[in-house]
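Spelled out from the first residue to the last, the chains are:
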Amino acid sequence: MRRLYTIALSCFLWFQTAYALAIVVDGDLSDWLNPPTGNANDWLPKRSSIFYAVEDQTGGAGAYLDPGYGGQGYDAEAIYVEIDAGMLYVAVVTGLAPNNTTWPAGDLAIDFGQNGTFEYGIVVLGDSWGIGQAGDVFQTTAWNYGLWTAPNVHDPSGDSPYKRAHPTTVKSGTKIGSASLVYQQAKYNSSPIPKLGVYSGNNHYLIEAAIPLAIFDPTLRGQKFDIHWTMTCANDWIQVDPDPASVPEPSTFLLLGAGMLGARMRGKPRG
Ligand SMILES: [Ca+2]
Ligand SMILES: [Ca+2]
Ligand SMILES: [Ca+2]
């Protein structure tokens, strides 16, 4: 029986290893991209299992970004998502520096059902623009918003479906867990990146996070969802639509857990 238990445990560990991705939350793009060479293809993910969106619009200053302005310093450039049996990994590349206190980074926002309500927020910066500390995961009841009611329509106090589709920071909600999260100058194999995309220069920053899937309401699993990010002015935003089929159903965990418990209980009495 001990032998059976050992075999079961070995299988379980193999299963875990086989499904665990090698993504380390350290602000290094080598988990996501091939070595950048200064071409548009730099933005393509290194694995087909990575969902992504790219909108690297400029490397210069002041350019229009849609819906607002700000050039490279406010460019939301790319977002990547990968999912394994236990984690949702997110990487956002932006020209917005973590020390920008004029319009700092907003939070990661997740809309299950793609119905315009962002149920979850992952705090990127613990500052007075929103609630919580970096890495806090909130089930949200309200969001803060940016300056634009439509592309190039600057209306800080106004409201519109467009504005609500691009939430900035979590305004209120319940903290339900923690993600590991870093926000720093993007590195590749621990070195600064001299060229990334056609707009070269190493002023690219990476928000990288790993969020335990168990945090999310199981009834939302399998629904279509978007992951969105913008800064507190919302001058530029980026969003990705991962395939919900890549999120394992909770029943997988339950069955796996029950199987382990069975093996453990059968194995123990013989000691
Ligand atoms: Ca750019
Ligand atoms: Ca952009
Ligand atoms: Ca929703």
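Read on for a plain summary of the structure.

1. Details of the overall build of the protein chain
(1) Moving on: Each helix and strand in the protein chain was counted, giving 3 helices and 17 strands.
(2) Moving on: Contacts in the protein chain between residues at least 24 apart in sequence constitute 65% of all its contacts with a sequence separation of at least 6.
(3) Moving on: Surface exposure of the protein chain reaches about 12400 Å², of which carbon and sulfur atoms provide 57%.

2. Describing the coordination of the calcium ion (ligand 1)
(1) Moving on: Every protein donor of the calcium ion (ligand 1) is accounted for by Asp-56 (OD), Thr-58 (O), Gln-72 (OE1), Asp-75 (OD) and Glu-77 (OE), and the metal-donor separations fall at 2.1 to 2.4 Å.
(2) Moving on: We note that the donor set of the calcium ion (ligand 1) lies within a single chain, spaced as D-x1-T-x13-Q-x2-D-x1-E. Of this pair, Asp-56 sits in the loop between strand E1 (51–54) and strand E2 (61–64) while Glu-77 sits in strand E4 (residues 76–83), and the two are 21 residues apart along the sequence.

3. A closer look at the packing of aromatic side chains
(1) Moving on: Inspection of the entire model under this criterion finds 9 aromatic pairs.
(2) Moving on: Relative to Tyr-120, the ring of Phe-112 lies with its centre 5.8 Å away and its plane at 85°, an arrangement referred to as edge-to-face.
(3) Moving on: Each ring, one from Tyr-120 and one from Phe-216, has its centre 4.9 Å from the other, and the planes form 75°; the classification is edge-to-face. With Tyr-120 in strand E7 (residues 120–122) and Phe-216 in the loop between strand E15 (205–212) and strand E16 (225–230), this pair connects stretches of sequence that are 96 residues apart. The exposure classification of Tyr-120 matches that of Phe-216, with both residues buried.
(4) Moving on: An aromatic cluster is defined as three or more aromatic residues linked by ring pairs; in this entry it consists of Phe-112, Tyr-120, Phe-216 and Phe-225.

Conventions we followed
- Residues numbered from 1 in each chain as written.
- Chains lettered and ligands numbered in written order.
- Predicted model: local features only at pLDDT ≥ 70, side-chain atom pairs only at ≥ 80, totals over all residues.
- Heavy atoms only, no water.
- Helix = DSSP H or I, 4+ residues; strand = E, 2+ residues; numbered from the N terminus.
- Contact = heavy atoms within 4.5 Å.
- Areas by Shrake-Rupley, 256 points an atom, 1.4 Å probe, with all protein chains shown as cover.
- Donors = N, O, S within 2.8 Å, 3.2 Å for Na, K, Ca; no water.
- Phe/Tyr/Trp six-rings, centres within 6.5 Å; stacked < 30°, edge-to-face > 60°.
- Buried < 20%, exposed > 50% of the residue type's maximum accessible area, 1.4 Å probe, protein only.

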